[in-house]
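# Analysis of the macromolecular model
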Amino acid sequence: MEVSTTLDLYPDTTVSMALFSGVTNGSEVRRKIMDGTIAAAVINAQMVCDPFQVLVAVNKAVHLDKLDKKKTKTVFGEILFNLSPGNNILAAYQKFGVQDAESQDVLVVLLNDLQGEQLQQVSGIIQGTRIPLESLKDIRDEQQIIKLYKISESERSVGRLEEVVVCRMATKDAG
Amino acid sequence: MADKVEKGPSLEGGSGDSLASSRKPTEIPTVAQMIEMQNKAASASGDSAAAGGGTGTPGSPQHPGFVLFKQGAEARLYRGTFLGKPAVLKERFSKKYRHPRLDEKLTTKRTQGEARTVARARKAGIPTPCIYFVNYQSNCIYMEDLRSATTSRDYIVAVQSVRGGDSFRALQPIMDKIGKTLATMHDGDIIHGDLTTSNIMLKQDSSMPEPQVVLIDFGLSSVSHLPEDKGVDLYVLEKAFLSTHPNTEELFSIILKSYTRHSRKSKEVIKKLDEVRLRGRKRTMVG
Ligand SMILES: Nc1ncnc2c1ncn2[C@@H]1O[C@H](COP(=O)(O)OP(=O)(O)OP(=O)(O)O)[C@@H](O)[C@H]1O
Ligand SMILES: [Mg+2]
C-alpha cells in the first residue's frame, strides 16, 4: 500500500506516501515530529487534492535542500511550506500539518524509505487505520482548499483543481 | 503518409448541418481532427518526444529523459515526463554576446516574468499550460505538455491549404474565441508582449465539445493598464498574423471585432491601435 515514486530530476530521491484515517493522537505525532523522532512530513489530508500536488512540493523541497536554499529547517518542513499559498511558515504548518482534531486523516510522506523501516516506525506511533492512497480524493475538502488559496471562479475554470493549485504552488515565488 | 482525402462518407458522417448538404463532404479539418492528425503523424514517425520520453530514450545529457524539439533564439524546448505527467521543459539560455553576469540576471528575470504572468493570467481566467516547477538556477520551466492541442498557426495553415474550401467560414468561430481571450487578458491588465499565431494554441480533448484558446510564451509579458500598451500588443499580433498568413485582413478583423465586443475598454485600445498603425506606416514611408 506504500506508494513510491522516484523524482525525475533527482533520481537519488524516492518518495513514499501512506494514508492514515481516523488518527486520534495528533498532538503526540506533532510532538514526535518536533523532537525528531518522526522524520516525515505528516500532512492534513483534507488539504491535498491529489498525490501529484504532494510530489510537486517534495520535488521543490529537495531541489532547494540541495541548493541549501530552504526557507524552513528541514526538508519535511519545506514540503509543508511549499504546499501553502503564502510565505508564512507557521500558517503553513497550521493548515497543512497535523491538526488538533480528535480524529483526522493524515498523509505521511517519507524520503528514501527503501526497506520500509521508516514507515514501520511511523506506523507504530500513529494511532489510526492505513487506507489506500486512492481514498485521498474522497477525503479532500475542495471548499476549504478553494478558500485557502483564494481561487476565484475564473481561475477555477482554467483547469482541474489540482492543476490550479499546483500552478499556484510552483509560481508562488515568482513575485 | 497523408491520409486519403477522397473517401466516401466523411469522418463526421453528419448530414443534418448545412455544410454536409453540399454533395461532397467538407474536407476542412476541425480542430479536433487536426490535433488527431498531428499526434498520429508524430507517433508514426517514431517521435519519441511526442511519446513522452518513452522507454529507454536517453534524451539530452543535461536533461535526462527529455528530448529537444525546438531550439529558439532564447530558449530550448524539450518533451519528457515530470512526476508521471507529460511535460514540456522550456530552458532559457544566455546569449553569448552579452555580458555573462548581466545576462544571467536578465535570463532569470525573463523566467520569473513568465512564471509570474502565467499565474496572473490563470487568475484572470486565461487558460495556460500548468507550471509544475521552476528552476531559477538553470532557468528552466517545467510545464504541462498540451498534447491535445495545436498552434493556431498550424490550424490556419491547414484550413487554408484545403483548396476550394470556405476557410473564412471555418476559421470564424476560432477567431472569435481568440478575440474574446485577448479581451479578457487585457481587461486583466496583462500585456503578452509577443502575440503570434504560434503563441496562441487551440486545445481540444475528447472531453471538450469545443476547442479552447490557450496562451503560451509569456517571456516578454508585462502588466499595464494603459490603452497604448494594449494597442501595441494587438499591433504586434496584426503584423505577425498578416505576415504569417498572407491576405487574411478580413479574417484578422474578426479577432478585433470580437475583442471590441468583449473588452471593457476596447474603444481607447482600438483608437491607440489605429494611431500605432499610422505611425508604423509613416515610418515605412520615410525609411
Ligand atoms: N506547454 C506546451 N505544450 C505543447 N506545446 C508547447 C508548449 N509550450 C510550447 N509548445 C510548442 O513549442 C513552441 C515554442 O514554444 P514557446 O513559444 O514557449 O517558445 P519560443 O517561442 O521559443 O520562446 P521565446 O519566444 O521566449 O524565445 C510553441 O509554438 C508550441 O508549438
Ligand atoms: Mg513562441
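Residues numbered from 1 in each chain as written. Chains lettered and ligands numbered in written order. Predicted model: local features only at pLDDT ≥ 70, side-chain atom pairs only at ≥ 80, totals over all residues. Heavy atoms only, no water.

### Some thoughts on the interface of chain B and chain A
Defined as follows: By the convention used here, residues are in contact when the closest approach between their heavy atoms is within 4.5 Å. Two parts lose some accessible area (1.4 Å probe) when they are put together, and adding that loss for both gives the buried area. Criterion for a salt bridge: a side-chain nitrogen of Lys or Arg within 4 Å of a carboxyl oxygen of Asp or Glu. Contacts described as polar in this section are N or O atom pairs within 3.5 Å, which, within protein, must combine one atom able to donate a hydrogen with one able to accept it, while residues neighboring in sequence count only if both atoms come from side chains. Under the DSSP-based scheme used, a helix requires at least four consecutive residues in state H or I and a strand at least two consecutive residues in state E, with every element numbered from the N terminus.
Residue-level contacts link 26 residues of chain B with 26 residues of chain A. Summing both partners gives a buried area of about 2,300 Å² for chain B against chain A, and 63% of it is carried by carbon and sulfur. Between chain B and chain A we count zero salt bridges in total. If you look at where chain B meets chain A, you find two residue pairs in polar contact (both at pLDDT 80 or more). At the level of elements, β2 (75–82), α3 (100–123), β4 (131–135) and β5 (140–144) of chain B are the ones that each hand at least two residues to the side of chain B that touches chain A. Among the elements that line the side of chain B that touches chain A, the one with the most residues is α3 of chain B, at seven residues.

### Some thoughts on the site of ligand 1
Residues and elements named next belong to chain B. The line we're drawing: Working definition: residue near molecule or strand if any one of its non-hydrogen atoms lies within 4 Å of it. Only the protein chains shown count as cover for residues, and the accessible areas themselves come from Shrake-Rupley with a 1.4 Å probe.
The immediate surroundings of ligand 1 are formed by 20 residues, with K90, E144, L146, N199 and D217 found nearest. In this structure, D217 approaches ligand 1 through a side-chain N or O atom, which is 2.7 Å from an oxygen atom. Computed on the free molecule, ligand 1 has an accessible area of 620 Å², of which 86% lies beneath the protein chains in the complex. Elements supplying a minimum of two residues to the shell around ligand 1: β1 (67–71), β2, β3 (85–92) and β5. In terms of residue count, β3 provides more of the shell around ligand 1 than any other element does, three residues in total.

### Some details on α3 of chain B
What counts, and what does not: Take the residue count of a helix, subtract one, and multiply by 1.5 Å to get its expected span. With a 1.4 Å probe rolled over the protein chains alone, any residue whose accessible area is under 20% of its type maximum counts as buried; one over 50% counts as exposed, and the rest are partly exposed.
Taking 1.5 Å per residue as the helical rise, α3 of chain B with its 24 residues ought to reach 34 Å, and the 35 Å between its terminal C-alpha atoms agrees with that figure. Buried within α3 of chain B are the following residues: D103, T107, T111, G113, E114, A115, T117, V118, A119, A121 and R122 of chain B. Where α3 of chain B is buried, its residues touch α8 (153–156) and α9 (161–171) of chain A together with β3, β4, β5 and β7 (190–191) of chain B.

### Some points on the layout of surface pockets
All names here are of chain B. Rules: Detection works on a 1 Å grid of protein atoms alone, calling trapped sets that fit a 1.4 Å probe cavities and calling open sets with protein on both sides within 12 Å along at least five of seven lines pockets, with lining residues defined by an atom within 4 Å of a point. Grid points are joined across faces, edges and corners, and a volume is the space filled by probe spheres set on the points. Gly falls in the polar group here, along with every residue not listed as nonpolar (Ala, Val, Leu, Ile, Met, Phe, Trp, Tyr, Cys, Pro) or charged (Asp, Glu, Lys, Arg).
In this structure, the largest pocket occupies an estimated 1,200 Å³ of space. Lining the largest pocket we find 39 residues, and of these F69, K70, L77, T151 and I216 sit closest to its centre. Looking at the lining of the largest pocket, the elements that each hand over two or more residues are α2 (31–44), β1, β2, β3, α3, β5, β6 (149–151) and α4 (152–160). Here the lining of the largest pocket takes four residues from α2, the largest share from any one element. The residue makeup of the lining of the largest pocket, split by class, is 14 nonpolar, 10 polar and 15 charged.

### Overview of the coordination of the magnesium ion (ligand 2)
Residues and elements named next belong to chain B. Going by this rule: Because no water is among the atoms considered, metal sites can look incomplete, with donors defined as N, O and S atoms within 2.8 Å of the metal, or 3.2 Å for Na, K and Ca.
Coordination of the magnesium ion (ligand 2) by the protein is provided by N199 (OD1) and D217 (OD), with metal-donor distances spanning 2.3 Å. Separated by 18 residues along the polypeptide, N199 in the loop between β7 and β8 (200–203) and D217 in the loop between β9 (212–215) and β10 (222–223) bring together distant segments of the chain. What makes N199 buried here is its relative accessible area of 7%.

### Points about the pairing of β5 of chain B
Residues and elements named next belong to chain B. The following threshold applies: For two strands to count as paired, DSSP must find a minimum of two bridges between them.
Of all five residues in β5, five are buried, a share of seventy percent or more. Strand direction decides the pairing type here: β3 and β5, joined by five bridges, are antiparallel. Each residue of the ladder has a partner; that of K90, found in β5, is I141. In the sheet, β4 pairs with β5 via four bridges, with the strands oriented antiparallel. Across the sheet, the residue bridging to I131 is M143, located in β5. The antiparallel pairing of β4 with β5 creates a hairpin that spans four residues between the two strands, and N139 there sits at a positive phi of about 55 degrees.

### Quick look at the environment of A174 of chain A
Summarising the element assignment, A174 of chain A is placed in the segment after α9. For A174 of chain A, a relative accessible area of 0% corresponds to the buried category.

### Examining the domain arrangement of chain B
Residue and element names in this part refer to chain B. Operational definition: An automatic or database domain assignment supplies the start and end points of every domain.
Split by domain assignment, chain B resolves into domain 1 (53–144) and domain 2 (149–282). Domain 1 and domain 2 are separated by 24 Å when their C-alpha centres are compared. Together domain 1 and domain 2 conceal approximately 1,200 Å² of surface at their shared face, both sides included; 66% is due to carbon and sulfur atoms. The three residues of domain 1 that bury the most area against domain 2 are R120, I126 and P127, which together make up 41% of that side's buried surface. A salt bridge links D217 to K90; the nearest nitrogen and oxygen atoms lie 2.9 Å apart. Of all the elements in the fold, those that place two or more residues in the side of domain 1 that touches domain 2 are β3 and α3. The dominant element in the side of domain 1 that touches domain 2, judged by the number of residues it contributes, is α3, at seven residues.

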